[in-house]
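Next come the chains, spelled out residue by residue.
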Amino acid sequence: MTSQQNNPTGISVNYIYLVIYLAALSAFGSFVNDMYLPSLPEMTEFFKCSVPMVQLGLTTGMAGLGLGQIFLGPLSDKYGRKPVLMISLAVFCAAAVVSIYSPTIHFFLICRFFQGLGASGGYFLARTIPADIYGGRTLAKVMAVIGAINGFAPACAPVLGGFVSEHFQWKGVFVFLSIFSVALVASSKGLKETLPPERRLQGKLSHAFSDYKGLLSNRSFMTHVLFKGSALGLLFAYISSAPFIMQTHFGYSQTEFGLIMGFNALFLGAGSMTALKFKILKRAAFIGGIILSASIAAEVAVLFLLDNFMAYELLLIPAMYGMGMIFTVSNTLAMNEGRNNAGAASAVLGTAGYVFGAIVSPLVGYGNIMHSTALVFGIVTCIVLISAFMARALPADIDS
């Protein structure tokens, strides 16, 4: 895998290992955010702080994930993928262990930032490495397979997090995440470097960061980035508000909350695989955007006018499905546009989502959480809808 391949030569052991390992890397980012969600109400009592304050743990984690990708993307373009991955995983493990001993919520928030920095390496490299090897429709298939497998990550994370936190409290979650990061390092032996020296950026390190200018001025690339980022912003608004809506407001236990979140997340994987059935991928993203926007618009009305869990829950299912369609297509088309500087391209793509996430996560906790969540949903949905029409107007760069 040290040279670019346009098509895989069949299902080999190496191909299966690569897909599974990359899915695990991508899932790791989801686990870092989603696994401790059931613990948020408990942590407000442990640290004796407000709901918005404890939700800042999501914000600082996402800030670390975003900034980490901005710096690590160009570094991986210059020095290779695997060294950057190993260092970032080590940073995460150290930050996760230290967070267990947090004396205050402010100390914990600092730890969360460094956890995000460490987790960012695996998160953006899960998109970068396939772009090193594949292109076009083949890249779409690999992204969709990884996306479908990774649909189980947000499905499993809250379930597992609910079980762990009920038996070992919130600290047990970060013990588990530390072990997860160590396991990723231990199982990386079979991961070969996908960016050989002759394809790396030459010259000074500062030159590597100049690639951002070209990417940010690429209209097609940035349209896909905005589409993915705004949809991910909706996902983060849902994730950060759900523990308090489901547990505090509707009275579900941590384990029940995890099971509900897990069930909903399965539809992300289903949407991801459905996108591949479209000959022209951007059509799948547009339809996914319409499904997502319509579902969330109805959800806004439910949050304002009804106090009914089933109405709230049933509308989340098509929303997750639409998100899955958007994520697969926008990831693929953006990385196809930026494949010549895959590390930087993946960093921009990943950071956009976490910029949205870092903004919306604390906002859903102000005042009446049902109403504040509805307002955030409504605003971000408008951006998703605008992005869907912008993406629809672009030429189809992958159509076969």
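Treat the numbers as computed from the prediction; the structure is a model and nothing was measured. (Residues numbered from 1 in each chain as written. Predicted model: local features only at pLDDT ≥ 70, side-chain atom pairs only at ≥ 80, totals over all residues. Heavy atoms only, no water.)

1. Overview of the overall build of the protein chain
Consideration 1: When helices and strands are counted, the protein chain shows 15 helices and zero strands.
Consideration 2: The C-alpha atoms of the protein chain give 20 Å as radius of gyration, which agrees with the globular expectation for 400 residues (21 Å, within 12%).
Consideration 3: Principal-axis analysis of the C-alpha atoms places the extent of the protein chain at approximately 55 × 45 × 40 Å.
Consideration 4: Out of the 400 residues belonging to the protein chain, those deemed buried represent 61%.
Consideration 5: Taking as baseline every contact in the protein chain between residues at least 6 positions apart, the subset at least 24 positions apart corresponds to 86%.
Consideration 6: As presented, the protein chain carries roughly 15,000 Å² of accessible surface, and 70% of it is formed by carbon and sulfur atoms. (Helix = DSSP H or I, 4+ residues; strand = E, 2+ residues; numbered from the N terminus. Rg over C-alpha atoms; globule rule 2.2 N^0.38 Å. Buried < 20%, exposed > 50% of the residue type's maximum accessible area, 1.4 Å probe, protein only. Contact = heavy atoms within 4.5 Å. Areas by Shrake-Rupley, 256 points an atom, 1.4 Å probe, with all protein chains shown as cover.)

2. Quick notes on the side chain of T59
Consideration 1: By secondary structure assignment, the location of T59 is in helix α3 (residues 51-79).
Consideration 2: For T59, a relative accessible area of 12% corresponds to the buried category.

3. So, the packing of helix α13 (residues 309-337) against helix α14 (residues 342-363)
Angle between the axes and distance between the axes: these two values describe a pair of packed helices.
Consideration 1: Contact geometry for α13 and α14: axes closest at 9 Å, N-to-C directions at 145°. The handedness of the crossing between α13 and α14 comes out as right-handed. The residues of α14 that touch α13, namely those facing N331, A334 and M335, are A342, A345, S346 and L349.
Consideration 2: Grouping the amino acids of the contact of α13 with α14 by side-chain chemistry returns five nonpolar, two polar and no charged. (Axes fitted to C-alpha atoms, helices over the stretch in contact; angles between N-to-C directions. Left-handed = near helix turned anticlockwise from the far one by under 90°. Nonpolar A, V, L, I, M, F, W, Y, C, P; charged D, E, K, R; others polar.)

4. Observations concerning the confidence of the model for the protein chain
Consideration 1: The predicted model of the protein chain has a mean per-residue pLDDT of 84, with 92% of residues at 70 or higher.
Consideration 2: For the stretch residues 1-10, pLDDT sits under 50, and the model shows 24 contacts to residues farther than four places along the chain or on other chains. (pLDDT = per-residue confidence, 0-100.)

5. Comments concerning the layout of surface pockets
Consideration 1: As a volume, the second largest pocket reaches approximately 160 Å³.
Consideration 2: What lines the second largest pocket is a set of 13 residues, among which L195, R199, R339, N340 and N341 lie closest to the centre.
Consideration 3: Taken together, the residues of the lining of the second largest pocket break down into four nonpolar, three polar and six charged. (1 Å grid on protein atoms, 1.4 Å probe; cavity = no way out; pocket = protein on both sides within 12 Å on 5 of 7 lines; lining within 4 Å. Points joined across faces, edges and corners; volume = space filled by probe spheres on them.)

6. Regarding the nonpolar core
Consideration 1: Counting 118 residues, the largest nonpolar core has F108, Y238, M246, L292 and Y312 as its most contacted members.
Consideration 2: The element that contributes the greatest number of residues to this core is helix α10 (residues 219-249), accounting for 15 residues.
Consideration 3: Contact partners of F108, with chain neighbours within four places excluded, come to Y36, M43, F47, S99, S102, W170 and F174. (Core = buried A, V, L, I, M, F, W, Y, C linked by side-chain atoms within 4.5 Å.)

7. Re α10
Consideration 1: Spanning 31 residues, α10 covers 43 Å between terminal C-alpha atoms, matching the ideal 45 Å at 1.5 Å per step.
Consideration 2: Counting buried residues along α10, 26 of its 31 residues qualify, which places the element largely inside the surrounding structure.
Consideration 3: Of the residues that open α10, the one with a side-chain oxygen 3.2 Å from the backbone nitrogen of S220 is N218.
Consideration 4: G251 sits one or two positions beyond α10 and adopts a positive phi of about 85°. (Expected span 1.5 Å × (residues − 1). Polar contact = N/O pair within 3.5 Å; in protein donor to acceptor, adjacent residues only side chain to side chain.)

8. Structural notes on unusual backbone geometry
Consideration 1: With a phi close to 55°, K48 is a non-glycine residue in the positive phi region.
Consideration 2: Structurally, K48 is set in the loop between α2 (40-46) and α3.
Consideration 3: Residue classification places K48 among the exposed positions, given a relative accessible area of 74%.
Consideration 4: If you check the backbone angles, Q169 has positive phi at about 65° while not being a glycine.
Consideration 5: Its location among the elements puts Q169 in helix α7 (residues 152-186).

9. Considering empty space enclosed by the protein
Consideration 1: Under the counting rule described, the total for this entry stands at two cavities of 30 Å³ or more.
Consideration 2: Of the voids in this model, the second largest cavity is the one considered here, and its volume is about 30 Å³.
Consideration 3: Together, H224, F227, K282, A285, V329, S330, L333 and A391 line the second largest cavity.
Consideration 4: Mapped by element, the contributors of at least two residues to the lining of the second largest cavity are α10, α12 (281-305) and α13.

10. Considering the state of the cysteines
Consideration 1: By the definition in use, this model includes zero disulfides.
Consideration 2: This cysteine, C49, is not joined by any disulfide, and C111 carries the nearest cysteine sulfur, 14 Å off.
Consideration 3: C49 sits in the buried class, given a relative accessible area of 19%.
Consideration 4: There is no disulfide at C111, and the cysteine sulfur nearest it, in C93, is 13 Å away.
Consideration 5: The exposure class assigned to C111 is buried, which follows from its relative accessible area of 6%. (Disulfide = S-S within 2.5 Å.)

11. Focus on the packing of aromatic side chains
Consideration 1: Taken as a whole and assessed by the stated rule, the structure comprises 21 aromatic pairs.
Consideration 2: Relative to F47, the ring of F46 has its centre 4.9 Å away and its plane inclined at 85°; by these criteria the two rings are edge-to-face.
Consideration 3: A residue is classified by how much of its surface remains accessible, and F46, at 39% relative accessible area, is partly exposed.
Consideration 4: Exposure remark for F47: the relative accessible area of 11% places this residue in the buried category.
Consideration 5: Grouped by ring-pair contacts, the aromatic residues Y36, F46, F47, F108, W170 and F174 constitute a single cluster.
Consideration 6: One Lys or Arg, K78, reaches over the ring of Y79 and ends 5.7 Å from the middle of that ring.
Consideration 7: For the cation-ring pair, K228 lies above F327, with the distance from its terminal atom to the ring centre recorded as 5.8 Å. (Phe/Tyr/Trp six-rings, centres within 6.5 Å; stacked < 30°, edge-to-face > 60°. Lys NZ or Arg CZ within 6 Å of the ring centre and 35° of its normal.)

12. With respect to the environment of G350
Consideration 1: Structurally, G350 is set in helix α14.
Consideration 2: The contact partners of G350, leaving out residues within four places of it in the chain, are Q69, Y123 and R127.

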